[in-house]
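Descriptive structure summary
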Amino acid sequence: MLPETGALAESGDPARPYVLLDSQGIVAVPVMAFFAELRACARPAATVRSYGMDLLRWWRFLSGWGIAWDRATRVDARDFARWMQIAPKPVRAHWRRRASGEVQPVRSVRSAASVPNPGTGRAAPGRLYSVSTRAHCETVLRSFYAFHLEESTGPIINPFPAARERRPLPVAAGTPSRLSTGGRYRPSVPHRLPRRIPDDRFNELFAALRHNRDRALLAFWVSNGAAGSAPPGPAPSRSCPPTTTRSAPGTRRHRCSSSGTAAVKTPA
């Protein structure tokens, strides 16, 4: 476990919404310079907070070993990447308990195994850091040291190096040249399955709608396969209109003739 030193505090200033405090409660000037660069690039305050949490984790790791941020080497970065693979996430007290002042023992690991959500199928937070969290943290730290390397205010070598470029394939293979995929210590993030709900839950939602207009809109969006932020209209890959086939008593299944796969099952 890392020492609970330092903090990422809100400043109340829109120009610099967050400040990073080190183990002695002093503002980390290198981090503030990086935050100023993010704000100049029109990054929102939420992005600054997300980057700050990763930098706070790195600051605590260096503080535990007594290493200054500008003295970190690639060995330290490699050990940090290995530590994030096996270190359990800290479990903090609920915000209601913190507000009421109740004392709750801090557990180093979660007591129960993560159980997927029965409605959406989304996995619950696990005991270890997820792959996406480790990949995001590596990207943030590599960008942080790259910024100070350009400004000549940090180490002359980035502790988080870029990935080794692979040898490009010949043109005859029909595959374009492979460029660098990011950092060397950045894990490969698997493709996530789209969020989904079981058929019976969707049938309940469809039956709860009172107007046919709402049912038609819901059936259109689901059968079309478009995202919530996408403009209205058929998707390029599913431009054909869905056909309705009855597959079970009391249900209808919309199918696209080009793919032949079921898109949605709705009550009749």
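Our structure is the block above this text.
Quantities reported herein were computed from a predicted structural model and do not represent experimental measurements.

**As for the pairing of strand E2 (residues 16-21)**
Strand direction decides the pairing type here: strand E1 (residues 7-13) and E2, joined by 5 bridges, are antiparallel. If you follow Glu10 over to E2, its bridge partner there is Tyr18. Counting the residues in the hairpin turn of E1 and E2 gives 2 residues.

**With respect to unusual backbone geometry**
Despite not being glycine, Ala42 has its phi angle at roughly 65°, a positive value. With respect to the helices and strands, the residue Ala42 is situated in the loop between helix H1 (29-40) and helix H2 (45-65). You will see that Ser152, though not glycine, has its phi angle at about 60°, which is positive. Assignment of secondary structure puts Ser152 in the loop between helix H5 (131-151) and helix H6 (199-208).

**Describing the nonpolar core**
Within the largest apolar cluster, 34 residues are counted, with the highest numbers of intra-cluster contacts made by Phe35, Leu55, Trp58 and Phe80. Of all the secondary-structure elements, those providing two or more residues to this core are E2, H1, H2, helix H3 (74-86) and H5. When neighbours within four sequence positions are excluded, Phe35 is seen to be in contact with Leu8, Tyr18, Val48, Gly52 and Leu55.

**Observations regarding a nonpolar patch on the surface**
Together, Leu149, Ile156 and Ile157 make up a nonpolar patch on the protein surface, roughly 320 Å² of accessible area in all. Examined against the element boundaries, Leu149 turns out to sit in helix H5.

**Brief notes about the pattern of salt bridges**
Inspection of the entire model under this criterion finds 4 salt bridges. The partner of Asp54 in a salt bridge is Arg57, and the shortest N-O contact between them spans 3.0 Å. Highlighted residues: Asp54 and Arg57, both in helix H2, separated by 3 residues, approximately one helical turn. Like Arg57, Asp54 is buried.

**Some words on the environment of Pro159**
Among the structural elements, Pro159 can be located in the loop between H5 and H6. Look at Pro159 and you get buried, because its relative accessible area is 1%. Along the backbone, Pro159 and Tyr145 are 14 residues apart, and their C-alpha atoms lie at a distance of 7.4 Å. Not counting residues within four places of it along the chain, the set of residues in contact with Pro159 comprises Ala72, Thr73, Arg74, Ala77, Tyr145 and Tyr185.

**Here we look at the side chain of Arg60**
Tracing the chain through its elements places Arg60 in helix H2. At a separation of 3.1 Å, a polar atom in the side chain of Arg60 contacts the side chain of Glu4.

**Some words on the environment of Ala77**
Within the secondary structure, Ala77 sits in helix H3. C-alpha of Ala77 to C-alpha of Asn158: the two residues are 81 residues apart in sequence and 9.5 Å apart in space. In this structure Ala77 touches Trp58, Pro159, Phe160 and Tyr185, once residues within four positions along its chain are discounted.

**Re the packing of aromatic side chains**
What characterises a pair of aromatic rings is the spacing of the ring centres plus the angle enclosed by the ring planes. For the structure on display, the rule yields 19 aromatic pairs. With 6.4 Å between their ring centres and 85° between their planes, Trp58 and Tyr145 make a pair best called edge-to-face. Residue Trp58 is located in helix H2, and its partner Tyr145 is located in helix H5; the two are separated by 87 residues in the primary sequence. In this pair, the class of Trp58 matches that of Tyr145, namely buried.

What counts as what
- Residues numbered from 1 in each chain as written.
- Predicted model: local features only at pLDDT ≥ 70, side-chain atom pairs only at ≥ 80, totals over all residues.
- Heavy atoms only, no water.
- Pairing = 2+ DSSP bridges.
- Helix = DSSP H or I, 4+ residues; strand = E, 2+ residues; numbered from the N terminus.
- Core = buried A, V, L, I, M, F, W, Y, C linked by side-chain atoms within 4.5 Å.
- Buried < 20%, exposed > 50% of the residue type's maximum accessible area, 1.4 Å probe, protein only.
- Contact = heavy atoms within 4.5 Å.
- Patch = residues over 30% accessible without salt bridge, like charges linked within 9 Å, V, L, I, M, F, W, Y side chains within 5 Å.
- Areas by Shrake-Rupley, 256 points an atom, 1.4 Å probe, with all protein chains shown as cover.
- Salt bridge = Lys/Arg side-chain N within 4 Å of Asp/Glu carboxyl O.
- Polar contact = N/O pair within 3.5 Å; in protein donor to acceptor, adjacent residues only side chain to side chain.
- Phe/Tyr/Trp six-rings, centres within 6.5 Å; stacked < 30°, edge-to-face > 60°.

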